[in-house]
Amino acid sequence: MKLKDAMNKYFRTRQFSSLSRSSQLNYEYALASICRMSVMGRTLGNVNIKKLNAAMCLEIYDTVELGTSTSNANHIARVFSVLMNFLISIDEIPNNPMARVKKRSSEPRSVIWTHDQVMSLLDAAFDNFEWRNIGLIVLMCYEWGQRPIDIRNLTWESVDLEQGKVTITQSKRGATVELPIPDNLLEMLTEQKKDWDFQEYVVTNPRKKDSAYRQLTVSQRTSLLGEGKDTVGLHDDLRVGGLRKTEKIKMTASSVKHQAIKTVTDHKS
């Protein structure tokens, strides 16, 4: 049974129907977002439930945490565990792999970048081919104010270099935004396309053991960012997710209208 089929089976149970309507919508959204995620090169909804393991669950947790927040990652983990425990109760799987993932407390942290900090990291990243991908992720998050998970999932199909625009489907609520590509980013994406347009993702990871190409994983992204920050002497508490908040502050300071900020960032208010 695939994960998406297990999810739909749970939605037809008395257990699910007994929940309040708001809780049902919450569970539906959380589980659907998990099924859309790509982990270890595979779309989770298409993964056989018997092949789900703790490593995949850790990737889910880290991806959500770095893309949104620790509290949201803990919420997604709780909802996923509800589904796993339901599958245990009907003898489809022997255990809950998410239970083996160590959850973190959602403590506030300083994540705002200055322009100079961003530029110093980008200078280092684009001077070293091995760091180019993390440089592109940082630059795209900084210029567009999008969630890292949506930048990580970006494919060449969504990028129009001739028109200078990108179309991003935001993972949180499924909204689609069309954004201009600034000249500095257009130059870097053009170089990236020359090298990597034969595969699907804008930010890719060539796997040496079998010459396959996969998305850059969250752990790889964190490691590359750490190397870059250490090289230029940046604080450890600066995260890729903080660039989205930085861009929102920058737009507000530039007197961008609130409705425009809501459209770009996918906020309710």
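Predicted model only: the values in this text are computed from it and were never measured.

1. Points about the overall build of the protein chain
Per the secondary structure count, the protein chain includes 12 helices and seven strands. Residues classed as buried in the protein chain amount to 46% of the 269 residues present. When contacts within the protein chain are restricted to residue pairs at least 6 apart in sequence, those whose partners lie at least 24 apart make up 61%. Surface exposure of the protein chain reaches about 13,900 Å², of which carbon and sulfur atoms provide 49%.

2. Concerning the environment of K165
Along the chain, K165 turns up in strand β4 (residues 165–169). Residue class for K165 comes out partly exposed when judged on its relative accessible area of 30%. Each C-alpha atom, one on K165 and one on P180, is 4.3 Å from the other, the two residues being 15 residues apart in sequence. Excluding anything up to four places from it in sequence, K165 contacts S158, V159, D160, E178, L179, P180 and I181.

3. Regarding the pairing of strand β5 (residues 176–180)
Side chains V177 and L179 project from β5 onto a buried face, and the interleaved T176, E178 and P180 project onto a face without burial. Of the pairings in the sheet, the one linking β4 to β5 comprises five bridges and is antiparallel in character. The residue of β5 that forms the bridge with I168 is V177. Here β4 folds back onto β5 in antiparallel fashion, the turn holding six residues, of which G174 has a positive phi close to 80 degrees.

4. With respect to the pairing of β4
Of the two faces of β4, the one lined by V166 and I168 is fully buried and the one lined by K165, T167 and T169 carries no buried residue. Here strand β3 (residues 159–160) pairs with β4 via two bridges, running antiparallel. Bridge assignment links D160 to a residue of β4, and that residue is K165. The hairpin turn running from β3 into β4, its antiparallel successor, is four residues long, and G164 in that turn takes a positive phi close to 65 degrees.

5. Concerning the nonpolar core
Counting residues in hydrophobic clusters, the biggest one holds 37 residues, and the most contacted among them are M140 and W144. At the level of secondary structure, the elements contributing two or more residues to this core comprise α6 (115–126), α7 (132–144), β4, β5, α9 (183–196) and α10 (218–232). It is α7 that provides the largest number of residues to this core, a total of nine residues. Counting residues in hydrophobic clusters, the runner-up holds 34 residues, among them A6, F16, I49 and I93.

6. Brief notes about the sheet that holds β5
Spatially, three strands are ordered β3-β4-β5 in an open sheet, and the strand pairing comes out antiparallel. Edge positions in the sheet fall to β3 and β5, since each of these pairs with one other strand and no more.

7. Some remarks on the side chain of N96
Summarising the element assignment, N96 is placed in the loop between α5 (70–89) and α6. In terms of polar contacts, N96 uses its side chain to reach the backbone amide nitrogen of M98, at 3.0 Å.

8. Here's the deal with the pattern of salt bridges
Inspection of every chain in the model, using the stated rule, returns seven salt bridges. Between D62 and R104 there is a salt bridge, and its shortest N-O distance comes to 2.7 Å. With D62 in helix α4 (residues 54–67) and R104 in the loop between α5 and α6, the pair connects residues that are 42 residues apart, well separated along the chain. For R104, the salt bridge identified is with E65, shortest N-O distance 2.6 Å. One end of the pair, R104, is in the loop between α5 and α6; the other, E65, is in helix α4, and 39 residues separate them in sequence. We classify R104 as partly exposed; its relative accessible area is 36%.

9. Re the packing of aromatic side chains
Two measures describe an aromatic ring pair: the distance that separates the ring centres and the angle between the ring planes. In this structure the tally under the stated criterion is five aromatic pairs. Seen in terms of ring centroids, Y10 and F86 are 5.4 Å apart; in terms of plane orientation they differ by 55 degrees. Their pairing is tilted. Note that Y10 is positioned in helix α1 (residues 3–11) and F86 in helix α5, a separation of 76 residues in sequence. Measuring from ring centre to ring centre gives 6.1 Å for W196 and F198, while their planes differ by 45 degrees; the resulting arrangement is tilted. You can call F198 exposed: its relative accessible area is 53%. Taken together, the ring pairs in this structure connect Y10, F11, F16 and F86 into an aromatic cluster.

10. Observations concerning α6
Helix length check: α6 (12 residues) gives 16 Å between terminal C-alpha atoms against 16 Å at 1.5 Å per residue, within 8%. Among all positions of α6, only Q117, V118, L121, L122, A124 and A125 are buried. Along the long axis of α6, the arc covered by the buried residues comes to 165 degrees, so they all point the same way. Those residues of α6 that are exposed and aimed more than 90 degrees away from the buried face are D116 and D123.

Definitions and limits used
Residues numbered from 1 in each chain as written. Predicted model: local features only at pLDDT ≥ 70, side-chain atom pairs only at ≥ 80, totals over all residues. Heavy atoms only, no water. Helix = DSSP H or I, 4+ residues; strand = E, 2+ residues; numbered from the N terminus. Buried < 20%, exposed > 50% of the residue type's maximum accessible area, 1.4 Å probe, protein only. Contact = heavy atoms within 4.5 Å. Areas by Shrake-Rupley, 256 points an atom, 1.4 Å probe, with all protein chains shown as cover. Pairing = 2+ DSSP bridges. Core = buried A, V, L, I, M, F, W, Y, C linked by side-chain atoms within 4.5 Å. Polar contact = N/O pair within 3.5 Å; in protein donor to acceptor, adjacent residues only side chain to side chain. Salt bridge = Lys/Arg side-chain N within 4 Å of Asp/Glu carboxyl O. Phe/Tyr/Trp six-rings, centres within 6.5 Å; stacked < 30°, edge-to-face > 60°. Expected span 1.5 Å × (residues − 1). Arc of directions from axis to C-beta.

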